[in-house]
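Below are the chains, spelled out letter by letter.
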Amino acid sequence: GQQVMQIPQYQHVQEGEDFTTYCNSSTTLSNIQWYKQRPGGHPVFLIQLVKSGEVKKQKRLTFQFGEAKKNSSLHITATQTTDVGTYFCAGPMDSNYQLIWGAGTKLIIKP
Amino acid sequence: DGGITQSPKYLFRKEGQNVTLSCEQNLNHDAMYWYRQDPGQGLRLIYYSQIVNDFQKGDIAEGYSVSREKKESFPLTVTSAQKNPTAFYLCASGRALSYEQYFGPGTRLTVT
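An account of the accompanying structure is given in this report. From a predicted model like this one, the values you see are computed outputs, not experimental measurements.

With 20 residues, the main nonpolar core has I32, W34, L46, F63, L74, I76 and Y87 of chain A as its most contacted residues. Of all the elements in the fold, those that place two or more residues in this core are β3 (19-25), β4 (32-37), β5 (43-49), β7 (61-65), β8 (71-76), β9 (85-92) and β11 (105-110) of chain A.

Facing the 21 residues of chain A at the interface are 21 residues of chain B. Each partner contributes to the roughly 1700 Å² buried at the junction of chain A and chain B, and carbon and sulfur atoms together form 56% of this total. Ranking the residues of chain A by area buried against chain B places Y97, Q98 and W101 of chain A at the top, with a combined share of 38%. Inspection of the region where chain A meets chain B yields 0 salt bridges. Here chain A is connected to chain B by 5 residue pairs in polar contact (both at pLDDT 80 or more). Going through the elements one at a time, β4, β5, β9 and β10 (99-101) of chain A are the ones with two or more residues in the side of chain A that touches chain B. Here the side of chain A that touches chain B is built from residues that sort into 9 nonpolar, 12 polar and no charged.

A word on unusual backbone geometry. The omega torsion of the bond from I7 of chain A to P8 of chain A falls at -5°, within 30 degrees of zero and hence cis. Position of P8 of chain A relative to the elements: it lies in the loop between β1 (4-7) and β2 (10-14). Looking along the chain, the bond that leaves S7 of chain B and enters P8 of chain B is cis, with omega of -10°. For P8 of chain B, the position within the fold is in the loop between β1 (4-7) and β2 (10-13). Of note in the backbone geometry, K59 of chain A takes a positive phi value of approximately 55° without being a glycine. Tracing the backbone shows K59 of chain A in the loop between β6 (55-58) and β7. Overall, the relative accessible area of 87% leaves K59 of chain A in the exposed class.

Moving on to the state of the cysteines. The tally for this structure, following the rule as stated, stands at 2 disulfides over all chains. In this model C23 of chain A forms its disulfide with C89 of chain A; the gap between the sulfur atoms is 1.8 Å. Sign of the S-S torsion, about 70° for the bond between C23 of chain A and C89 of chain A, identifies this disulfide as right-handed. Of this pair, C23 of chain A sits in strand β3 while C89 of chain A sits in strand β9; the two residues are 66 residues apart in sequence, bridging distant segments of the chain. With relative accessibility at 1%, the residue C23 of chain A sits in the buried group. Each sulfur of the disulfide joining C23 of chain B and C91 of chain B lies 1.9 Å from the other. Looking down the S-S bond of the C23 of chain B and C91 of chain B bridge, the torsion is -75°, so its handedness is left-handed. Residue C23 of chain B is found in strand β3 (residues 19-25), and its partner C91 of chain B is found in strand β9 (residues 87-94); the two are separated by 68 residues along the sequence. Here the two residues C23 of chain B and C91 of chain B agree in accessibility, since each one is buried.

The next point concerns empty space enclosed by the protein. Taken as a whole, this structure holds 1 cavity of 30 Å³ or more when the rule is applied. Each pocket or cavity is described by its volume, and for the largest cavity that value is around 40 Å³. Forming the boundary of the largest cavity are G40 of chain A together with K9, F88, P105, G106 and R108 of chain B. When its residues are assigned to classes, the lining of the largest cavity shows 2 nonpolar, 2 polar and 2 charged.

Two strands in a sheet stick together by hydrogen bonds in their backbones, pointing the same way (parallel) or opposite ways (antiparallel). All names here are of chain A. The sheet built from 5 strands is open, its strands ordered β1-β3-β8-β7-β6 with antiparallel pairing. Both outer strands of the open sheet, β1 and β6, are each paired with one neighbouring strand and no more. Here the average twist between neighbouring strands, direction ignored, is 15°.

Attention now moves to the sheet that holds strand β8 (residues 76-78) of chain B. Residues and elements named next belong to chain B. Taken together, 4 strands build an open sheet; the order of strands is β1-β3-β8-β7 and the sheet is antiparallel. A single partner strand is all that each edge strand has here, and the edge strands are β1 and β7 (64-66). Across the sheet, the axes of successive neighbouring strands diverge by a mean angle of 20°, strand direction being ignored. Sheet topology places β1 next to β3; 4 bridges connect them, and they run antiparallel. Note that in β3 the partner of I4 across the bridge is Q25.

Analysis parameters
- Residues numbered from 1 in each chain as written.
- Chains lettered and ligands numbered in written order.
- Predicted model: local features only at pLDDT ≥ 70, side-chain atom pairs only at ≥ 80, totals over all residues.
- Heavy atoms only, no water.
- Core = buried A, V, L, I, M, F, W, Y, C linked by side-chain atoms within 4.5 Å.
- Buried < 20%, exposed > 50% of the residue type's maximum accessible area, 1.4 Å probe, protein only.
- Helix = DSSP H or I, 4+ residues; strand = E, 2+ residues; numbered from the N terminus.
- Contact = heavy atoms within 4.5 Å.
- Buried area = accessible area lost by both parts, 1.4 Å probe.
- Salt bridge = Lys/Arg side-chain N within 4 Å of Asp/Glu carboxyl O.
- Polar contact = N/O pair within 3.5 Å; in protein donor to acceptor, adjacent residues only side chain to side chain.
- Nonpolar A, V, L, I, M, F, W, Y, C, P; charged D, E, K, R; others polar.
- Disulfide = S-S within 2.5 Å.
- 1 Å grid on protein atoms, 1.4 Å probe; cavity = no way out; pocket = protein on both sides within 12 Å on 5 of 7 lines; lining within 4 Å.
- Points joined across faces, edges and corners; volume = space filled by probe spheres on them.
- Pairing = 2+ DSSP bridges.
- Axes fitted to C-alpha atoms, helices over the stretch in contact; angles between N-to-C directions.

This is the structure:
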């Protein structure tokens, strides 16, 4: 069946360092979405990418959708403590409006 | 103030009891979803509903039941048949023909 793999599971960074999480789908996706979940909170929609090769920026966050529409990445430049949380990618199932979720990448800022 | 509400935030039950989690939205969204999240894990779909009076099983529906009698409401019942019910339960909603999902604050259920 369709799968969305996300790596790494955790990333420890010093504040000010960059962070990247990668998402790979077993099938071509019509779109991909990214969500952020703060510790103890609920997922919050960040962005949706639709076009092949699309790159979108939100301040220090850069989202990319691969040319083949099977992979995506989220890059955060110069991390801040407010970036702490788990970042999830999610892509639609072929046949309906369900989402298949990656397992998430937890961003941890080293003290 | 528009949004999705889930109540209660924390819920404690004894093993063998059924428990119903509330989810209400005033976003006028057609679709609603229930997910389960275990510590350090991703989201697993329990049930979803694209329209009133209709719902479908997700990946882990066993031991759960839902109803969708009103557009605004999608309650989830965790039955005594659910073997490991302790988890964080998240409700979400979305517009028709859209993949974006908007989440409620969640209910943390502990069964002892």
